[in-house]
Amino acid sequence: MAEQIEIFEVGPRDGLQNEARLIPTSEKIALVDLLSQAGFRRVEVASFVSPKWVPQMADSAEVLAEITRVDGVSYAALTPNLRGYDGAKAAGASEVAVFASASEGFSKANLNATIAESLDRFAPIMQIARSDAIPVRGYVSCVTDCPFDGPTPAENVAQVASELFSAGCYEVSLGETLGRGTPDAVDAMLDAVTKVVPATHLAGHFHDTSGGALANIEVALSHGLRVFDASVGGLGGCPYAPGAAGNVATEAVLKFAEQKGFSTGLDKKIIAQAAEIAKEMRHG
Ligand code: HMG
Ligand code: MG
């Protein structure tokens, strides 16, 4: 039997958060409901951040309230602080994610905090989530390059990933936020990170600005990573990372995984349909 790769679908959050047009809540719900039929185990659907910072995500509680939940699918939400965690919990998020940066410039731009301050904000989330039995995922952004600080030293990524993992994040997703990282840079970064967090607790989160995301996934596979974040239709970017394009497209990762002899457990027809809808949302 083919070895499995898990694709963690982030389109409804990382994808849509960057769209300038305010997308009607009903369209977001329809996309999530379709994705729920595709075989994903985890779909990131919401973000409890300041609506002044990311207006597109202001209807996250409504999205979580109105989607048709499918057994076995975890519906994830980003939480930058305790207020966001409380909102995500009240809305019934199955799991939450805290998000830090490996570079100070992006941390300031994205969270208005230093890396250390952001980790301090996450500590009470970790504590309460543990007692609520809500799993917490961790993100580290700018793992090879930062739009403000330039190349990111691999040891900085290892340091932040290790702090998130020891704080209790069940998985740390490594965000190549800008989509400019070369395979060599990703290789060096993963050499450092896998020394402090086992590959089985890491995910690759590649943006595809320069068309290099699949080559970087290949490098990550060679380091033992088997979870990759992706976005149907290649939606996305980050409003606080100038120059970053969308996430690597789910349908591209699916095809690539199959070419490499891995299975994903995903329904290709539904993914193709969702990718079309995502592209229409972008241009709608
Ligand atoms: P701040 O301005 O320093 O904090 O923002 P504040 O405490 O002064 O709050 C500002 C306003 O937001 C206040 O409202 C708060 O009440 C409110 P006002 O008094 O002005 O009316 N507020 C909130 N509202 C709703 N939910 C909350 C919340 N917290 C405060 N949870 C803050 C600090 C963290 C809030 C802000 O910086 C923020 O929301 N940042 C989020 C930015 C973001 O969402 N970025 C995109 C996600 S990260 C990403 O995409 C990267 C990733 O994909 C991986 C990768 O690719 O690298 C994960
Ligand atoms: Mg991202």
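Keep in mind that this is a model prediction, so the values were computed, not measured. (Residues numbered from 1 in each chain as written. Chains lettered and ligands numbered in written order. Predicted model: local features only at pLDDT ≥ 70, side-chain atom pairs only at ≥ 80, totals over all residues. Heavy atoms only, no water.)

Caption draft 1: The arrangement of the overall build of the protein in detail. Summing up its helical and strand segments, the protein has eleven helices and twelve strands in all. The C-alpha radius of gyration of the protein comes to 17 Å, within 12% of the 19 Å expected for a compact globule of 284 residues. Its C-alpha atoms give the protein principal-axis dimensions of about 45 × 40 × 35 Å. Burial statistics for the protein: of 284 residues in total, 55% are counted as buried. In the protein, of all internal contacts separated by at least 6 residues, the share reaching a separation of at least 24 is 76%. Total accessible area on the protein is roughly 11200 Å²; 53% of this is exposed by carbon and sulfur atoms. (Helix = DSSP H or I, 4+ residues; strand = E, 2+ residues; numbered from the N terminus. Rg over C-alpha atoms; globule rule 2.2 N^0.38 Å. Buried < 20%, exposed > 50% of the residue type's maximum accessible area, 1.4 Å probe, protein only. Contact = heavy atoms within 4.5 Å. Areas by Shrake-Rupley, 256 points an atom, 1.4 Å probe, with all protein chains shown as cover.)

Caption draft 2: Fine view of the site of ligand 1. The local shell around ligand 1 holds 27 residues, among which Lys 52, Arg 83, Asn 112, Ser 141 and Thr 177 are the closest. In the environment of ligand 1, an oxygen atom lies 3.0 Å from a nitrogen or oxygen atom belonging to the side chain of His 205. The set of elements that each furnish at least two residues to the shell around ligand 1 consists of helix H1 (11-15), helix H4 (82-90), helix H5 (104-111) and strand S6 (136-141). (Near = heavy atom within 4 Å. Polar contact = N/O pair within 3.5 Å; in protein donor to acceptor, adjacent residues only side chain to side chain.)

Caption draft 3: The coordination of the magnesium ion (ligand 2), seen in detail. Protein-derived coordination of the magnesium ion (ligand 2) comes from Asp 14 (OD), His 205 (NE2) and His 207 (NE2), at a distance range of 2.0 to 2.4 Å. Mapped onto the sequence, the donors of the magnesium ion (ligand 2) take the spacing D-x190-H-x1-H. Taken together, the positions of Asp 14 in helix H1 and His 207 in the loop between strand S10 (202-206) and helix H9 (213-222) put the pair 193 residues apart, joining distant regions of the chain. Residue Asp 14 shares its accessibility class with His 207, and that shared class is buried. (Donors = N, O, S within 2.8 Å, 3.2 Å for Na, K, Ca; no water.)

Caption draft 4: Summary view of the pairing of strand S11 (residues 227-230). Of the two faces of S11, the one holding Val 227 and Asp 229 and the one holding Phe 228 and Ala 230 are both buried throughout. Sheet analysis places strand S2 (residues 6-9) next to S11, joined by four bridges and oriented parallel. Directly across from Ile 7, in S11, lies its bridge partner Phe 228. Pairing of S10 with S11 involves two bridges; the strand directions are parallel. Among the inter-strand pairings, His 205 is bridged to a residue of S11, identified as Asp 229. Taken together, S10, H9 and S11 form a β-α-β motif whose crossover is right-handed. (Pairing = 2+ DSSP bridges. Right-handed = clockwise from strand over helix to strand, strands pointing away.)

Caption draft 5: Structural view of the environment of Asp 59. Along the chain, Asp 59 falls in the loop between strand S3 (42-47) and helix H3 (60-66). Sequence separation between Asp 59 and Phe 262 is 203 residues; the distance between their C-alpha atoms is 36 Å. Not counting residues within four places of it along the chain, the set of residues in contact with Asp 59 comprises Ile 23, Thr 25 and Lys 28.

Caption draft 6: Here's a closer look at the nonpolar core. Counting 90 residues, the largest nonpolar core has Leu 64, Val 140, Leu 164 and Leu 174 as its most contacted members. By residue number, the principal contributor to this core is helix H6 (residues 115-132), which donates six residues. Apart from residues lying up to four places away in sequence, Leu 64 is in contact with Val 45, Ala 46, Phe 48, Arg 69, Tyr 75, Ala 91, Gly 92 and Ala 93. Counting residues in hydrophobic clusters, the runner-up holds seven residues, among them Cys 142, Cys 146, Cys 238 and Ala 244. (Core = buried A, V, L, I, M, F, W, Y, C linked by side-chain atoms within 4.5 Å.)

Caption draft 7: Here's a closer look at the pattern of salt bridges. By the definition in use, this model includes 14 salt bridges. Ionic pairing is found between Asp 132 and Lys 89, a salt bridge with its closest N-O pair at 3.2 Å. Note that Asp 132 is positioned in helix H6 and Lys 89 in helix H4, a separation of 43 residues in sequence. The exposure class of Lys 89 is partly exposed, given its relative accessible area of 41%. The shortest N-O distance in the salt bridge between Asp 229 and Arg 137 comes to 2.8 Å. Of this pair, Asp 229 sits in strand S11 while Arg 137 sits in strand S6, and the two are 92 residues apart along the sequence. A cluster of three or more residues bridged by salt bridges with shared partners is formed by Glu 6, Arg 41, Arg 42, Arg 137, Glu 171 and Asp 229. (Salt bridge = Lys/Arg side-chain N within 4 Å of Asp/Glu carboxyl O.)

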